[in-house]
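# Analysis of the macromolecular model
Here is what each chain is made of, one letter per residue.
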Amino acid sequence: MSILPILTLGSTGRYVQLLQMGLDGLALNYNGFAIDGVLDIRTRDALLNFKDRFDLPHVGVVDSVTWKILIENVKAVQKLLNSNGYHSGYPDGWFGPTTTAAVKKFQTDNQLYPSGIVDPRTRQRLFNPHPKDHYEYLPSSNALRSLNPHVASMATRFLELTRANQLDVHIYAAFRSWDEEDRLFAQGRWTPGNIVTNARGGDSYHNWGLAFDAAPYENGMISNDVEKFKRMGQLGLQVGLEWGGNFKSIVDYPHFQFTFGLNTWDLLNGVRPPA
Ligand SMILES: [Zn+2]
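Computed from a predicted structure; not experimentally measured. Per chain, residue numbering runs from 1 following the sequence as it is written. Given that the model is predicted, a residue must reach a pLDDT of at least 70 before its local features are reported, and side-chain atom pairs must reach 80 or more before they are shown or counted; all residues, however, enter totals for whole chains, interfaces and linings. Water and hydrogen atoms play no part in the side-chain values, which are based on all heavy atoms of the structure.

This part is about the coordination of the zinc ion. In this analysis a donor is any N, O or S atom within 2.8 Å of a metal ion (3.2 Å for sodium, potassium and calcium), and since water is not included, sites may seem incomplete. Within the protein, the zinc ion binds to H206 (NE2), D213 (OD) and H255 (ND1); these donor distances fall in the range 2.0 Å. Mapped onto the sequence, the residues coordinating the zinc ion show the spacing H-x6-D-x41-H. Taken together, the residues span a long stretch of sequence, with H206 in the loop between α7 (178–186) and β2 (211–218) and H255 in strand β5 (residues 255–257) at a distance of 49 residues. Each of the two residues, H206 as well as H255, counts as buried. Helix and strand definitions here come from DSSP, where helices need a minimum of 4 consecutive H or I residues and strands a minimum of 2 consecutive E residues; each element is numbered from the N-terminal end. The buried label goes to any residue with under 20% of its type's maximum accessible area, the exposed label to any with over 50%, and the partly exposed label to all in between, with areas taken from a 1.4 Å probe on protein chains only.

Below you can see the structure in the form of structure tokens.
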């Protein structure tokens with residue numbers, strides 16, 4: 001492969017367009033950037049979201065490592081489409097019209113919305129067509145038992161610690177169904193309200209039992225005391241959870257998660273946390 005250019009905010013041209021086509025095709029265009037060959041703020045934000053998945057530095061620069069990971073991920077999709085009989089051309093890592101057409105055909109044949117982008121449900125159908133655990137169809141639940149057992153035990157220790165610290169913390173969301181996640185994703189985009197998430201169904205750790213939302217309560221209501229949320233966050237960190245108050249993109253004080261080092265593409269592709 002020829003040497004790919006380093007891109008950053010304000011870059012223009014054919015390679016920016018190829019970057020945009022790749023991000024868009026991999027369902028990372030959550031903020032509606034235009035595929036116009038201009039690396040604008042929206043494209044940069046989508047790029048940061050992509051880099052976060054792979055623990056790449058949170059800077060809006062497309063360097064050789066970023067190119068490599070993007071191209072490898074597109075290639076993996078192309079190879080699977082081809083091996084399933086959906087002609088996506090030579091697997092070159094560029095998400096062009098032939099690949100888009102193959103994705104649409106695959107989606108149509110699998111009763112998925114034919115968007116031509118590899119959204120989470122399409123990714124799972126392609127990479128892990130027969131999962132034994134059926135996360136895609138489980139209902140939402142606030143119960144600890146809806147969580148991965150290891151995460152549930154961390155949540156229990158976390159709740160004990162909050163009580164020992166005179167905080168009245170309750171978990172108000174644990175497993176979230178993929179349908180509910182899709183409704184949340186639509187909010188502020190195609191339905192009224194503010195944007196609350198950048199994750200489609202299958203693309204949130206809540207959709208895998210690896211995340212929960214908690215809040216300190218006062219007089220039976222969620223507290224609006226930010227300091228209490230921060231104290232709660234510190235206690236979550238103490239038991240080894242990741243806390244949304246430290247997130248770089250959408251700061252999310254009630255959110256806790258434990259990922260086992262897996263991103264949601266790993267999970268969709270069929271990788272599971274150790275038992
Ligand atoms: Zn959350």
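Quoted interface sizes are often the accessible area lost when the parts come together. In terms of domain boundaries, the protein breaks down into domain 1 (14–116) and domain 2 (136–268). Put simply, the middle of domain 1 and the middle of domain 2, counted by C-alpha atoms, are 28 Å apart. The criterion used for residue contact is that any of the two residues' heavy atoms lie within 4.5 Å. Counting residues at the interface gives eleven residues for domain 1, matched by ten residues for domain 2. Counting the surface lost from both domain 1 and domain 2, the interface buries some 920 Å², and carbon and sulfur atoms represent 48% of this. A pairing counts as a salt bridge when a side-chain nitrogen of Lys or Arg comes within 4 Å of a carboxyl oxygen of Asp or Glu. Linking domain 1 with domain 2 are one salt bridge, by the criterion used here. Close ionic contact of R53 with D203 constitutes a salt bridge, the shortest N to O distance being 2.9 Å. Pairing of N or O atoms within 3.5 Å defines a polar contact, subject to two protein rules: one partner must be a possible hydrogen donor and the other a possible acceptor, and residues neighboring in sequence count only if both atoms are side-chain atoms. Summed over the shared surface of domain 1 and domain 2, the result is five residue pairs in polar contact (both at pLDDT 80 or more). Ranked by residue count, the leading element in the side of domain 1 that touches domain 2 is helix α2 (residues 41–53), at four residues. The start and end points of each domain follow an automatic or database-based domain assignment. Buried area: the accessible surface (1.4 Å probe) lost by two parts on joining, summed over both.

We now examine helix α6 (residues 149–164). Note that an α-helix has 3.6 residues per turn; residues three or four places apart therefore point the same way. Here α6 spans 23 Å end to end across 16 residues, near enough to the 22 Å set by a 1.5 Å rise per residue. For α6, every residue scored as buried is listed here: V151, A152, M154, A155, F158, L159 and T162. Viewed along the axis of α6, the buried residues span an arc of 160°, placing them on a single side of the element. Counted as exposed and oriented over 90 degrees from the buried face of α6: P149, R163 and A164. Those residues of α6 that are buried lie in contact with β1 (169–173), β2, α8 (226–238) and β5. Near the N-terminus of α6, the side chain that reaches the backbone nitrogen of H150, with its oxygen 2.9 Å away, is that of N148. Backbone geometry just downstream of α6 places Q166 in the positive-phi region, at approximately 60°. Take the residue count of a helix, subtract one, and multiply by 1.5 Å to get its expected span. The directions from the helix axis to the C-beta atoms form the arc being described.

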